[in-house]
Amino acid sequence: MMRPLLATLVLATATTAAAAAPAPASGDLAIRSVEVRPSDPVVGPSGSVRLVVDVVARGADRVSVVLEPGRAPSEGDEPGGEPEPDATPSPPSGDAVPVPSVSPDPVVPPGAAVPAAVPLPGLGGLASAAMPGVVGASRDGGPARRIASGEWETWRFLPDKPLSRWYPSGPWTVTATAVNARGERAVARVGFNLRRATEIEGLKVVRDGEGVRVTGTLMRVDPVGKVDYRPFPGQRVRICFRPAGSSRWKTVGEAVTRRDGWFTARVRADGEGAWRAEYAGTSRYAADASPQREA
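Quantities reported herein were computed from a predicted structural model and do not represent experimental measurements. (Residues numbered from 1 in each chain as written. Predicted model: local features only at pLDDT ≥ 70, side-chain atom pairs only at ≥ 80, totals over all residues. Heavy atoms only, no water.)

### Quick word on the nonpolar core
- Ranked by internal contacts, the top residues of the largest apolar core, which has 27 residues, are Ile 31, Val 34, Val 55, Val 174 and Phe 192.
- For this core, the secondary-structure elements that each account for two or more residues are strand E2 (30–37), strand E4 (52–58), strand E5 (62–69), strand E9 (153–157), strand E10 (170–179) and strand E11 (185–196).
- A total of 5 residues in this core trace back to one element, the largest contributor, which is E11.
- In this view, Val 174 contacts Val 34, Val 36, Val 53, Val 65, Val 66, Leu 67, Ala 188, Arg 189, Val 190 and Phe 192; residues no more than four positions away in its chain are not counted.
- Val 214, Phe 232, Ala 255 and Val 267 belong to the second largest nonpolar core, which has 19 residues in total. (Core = buried A, V, L, I, M, F, W, Y, C linked by side-chain atoms within 4.5 Å. Buried < 20%, exposed > 50% of the residue type's maximum accessible area, 1.4 Å probe, protein only. Helix = DSSP H or I, 4+ residues; strand = E, 2+ residues; numbered from the N terminus. Contact = heavy atoms within 4.5 Å.)

### Some details on unusual backbone geometry
- At the junction of Arg 37 and Pro 38, the peptide bond is cis and its omega measures out at -5° in the coordinates.
- If you trace the backbone, Pro 38 turns up in the loop between E2 and strand E3 (42–43).

### Quick look at the packing of aromatic side chains
- For the coordinates displayed, the defined rule picks out 5 aromatic pairs.
- Residues Tyr 167 and Trp 172 carry aromatic rings whose centres are separated by 6.2 Å and whose planes lie at 55° to one another, so their mutual orientation is tilted. Both residues of the pair, Tyr 167 and Trp 172, count as buried.
- Arranged with centres 4.9 Å apart and planes meeting at 55°, the rings of Phe 232 and Tyr 285 form a pair that is tilted. Residue Phe 232 is located in the loop between strand E14 (229–231) and strand E15 (236–243), and its partner Tyr 285 is located in the loop between strand E18 (273–279) and strand E19 (288–289); the two are separated by 53 residues in the primary sequence.
- Note on Tyr 285: relative accessible area 6%, which makes it buried. (Phe/Tyr/Trp six-rings, centres within 6.5 Å; stacked < 30°, edge-to-face > 60°.)

### Structural notes on the sheet that holds E11
- As summarised here, the arrangement of the 4 strands in space is E3-E11-E10-E5, forming an open sheet in which the pairing is mixed. Since the sheet does not close on itself, it has two edges, and those belong to E3 and E5, each with one partner.
- Two strands pair when backbone bridges link them, and E10 and E11 are joined in this way by 10 bridges, in the antiparallel orientation. Counted as the bridge partner of Pro 171 is Asn 193 from E11. (Pairing = 2+ DSSP bridges.)

### Thoughts on the environment of Val 63
- The residue Val 63 is located in strand E5 in this model.
- Using a relative accessible area of 0% as the deciding quantity, one classes Val 63 as buried.
- Put simply, Val 63 and Val 187 are 124 residues apart on the chain and 9.7 Å apart in space, counted from C-alpha to C-alpha.

### A closer look at the side chain of Asp 288
- Looking at the element boundaries, Asp 288 is found in strand E19.
- For Asp 288, a relative accessible area of 13% gives the class buried.

### A word on the pairing of E15
- When E15 meets strand E16 (residues 250–256), the two strands line up antiparallel, connected through 6 bridges. Within E16, the residue paired with Arg 236 across the bridge is Val 256.
- In textbook terms, the turn of a hairpin is the stretch between consecutive antiparallel strands, and for E15 and E16 this stretch comprises 6 residues, one of which, Gly 245, has a positive phi near 85°.
- For E15 and E18, the ladder comprises 7 bridges, and the chain directions are antiparallel.

### Some words on the pattern of salt bridges
- Enumeration according to the criterion identifies 14 salt bridges in this entry.
- The closest approach of N and O atoms between Arg 156 and Asp 54, which form a salt bridge, is 2.7 Å. Of this pair, Arg 156 sits in strand E9 while Asp 54 sits in strand E4, placing them 102 residues apart in sequence.
- Given a relative accessible area of 5%, Asp 54 falls into the buried group.
- Across the salt bridge formed by Arg 58 and Glu 151, the nearest N and O atoms sit 2.8 Å from each other. With a gap of 93 residues between them, Arg 58 in strand E4 and Glu 151 in the loop between strand E8 (127–128) and E9 connect regions that are remote in the sequence. (Salt bridge = Lys/Arg side-chain N within 4 Å of Asp/Glu carboxyl O.)

Treat this as a map of the structure, not an account of what it does.
Below you can see the structure in the form of structure tokens.
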């Protein structure tokens, strides 16, 4: 049976944050951090993942964010200057779907009027709006929760379009742009990996003389999209053992999956206990651990 996708995002505790920059002079336009939750989104064969992006900025009249597949350009890669944040690269073949545009969630106290969104020139019509001094309101208009203080404000973005298996897996980049009243810009980027789910199915552990034979099949969300899962060949799987009475798992062997995703490993049995197989994952596919088996 396939495991359900865990997609409770706003409550996720892990975040991905932009690298800290030297503190600018007080009052100058600056972006202190960009945080993405969940920091490691995983998509299954159905369902989707909604991201939350928090931008902590100072001296900004408008802030926008753009999500796009691919890694952020390294310093010096763009001799013509900062690339336009809405210049979305073409997705790989088979993943040709629109990249979600992002509109910010204005931060407002209960009962306060929300100002009209302000178009940000040159950014493909992305809109932004600010409520100075109040940060962290929920999207549904619930009570505001202060998550920053002083001169720094938090701008919260909740993309309308969630990410699913139809979007490119692997590295993604979030570009945040802050603009002040003089038209000056501050840009910060942060990356994350969008991963497709994997599953270790049918794990069996059979006593074989002084050892045990562990077998199973590694599956991945079908990258072509014709079915839910397909076998995942050529992947290294760890065989782990936990002695009876212990809470610690240790790796005792490895196996490589065949073309049909099946793997087998014979390892020495050091007493009784529990066994499981673990897959470490890649930048495009998530890690997984099988249910344990006693032997």
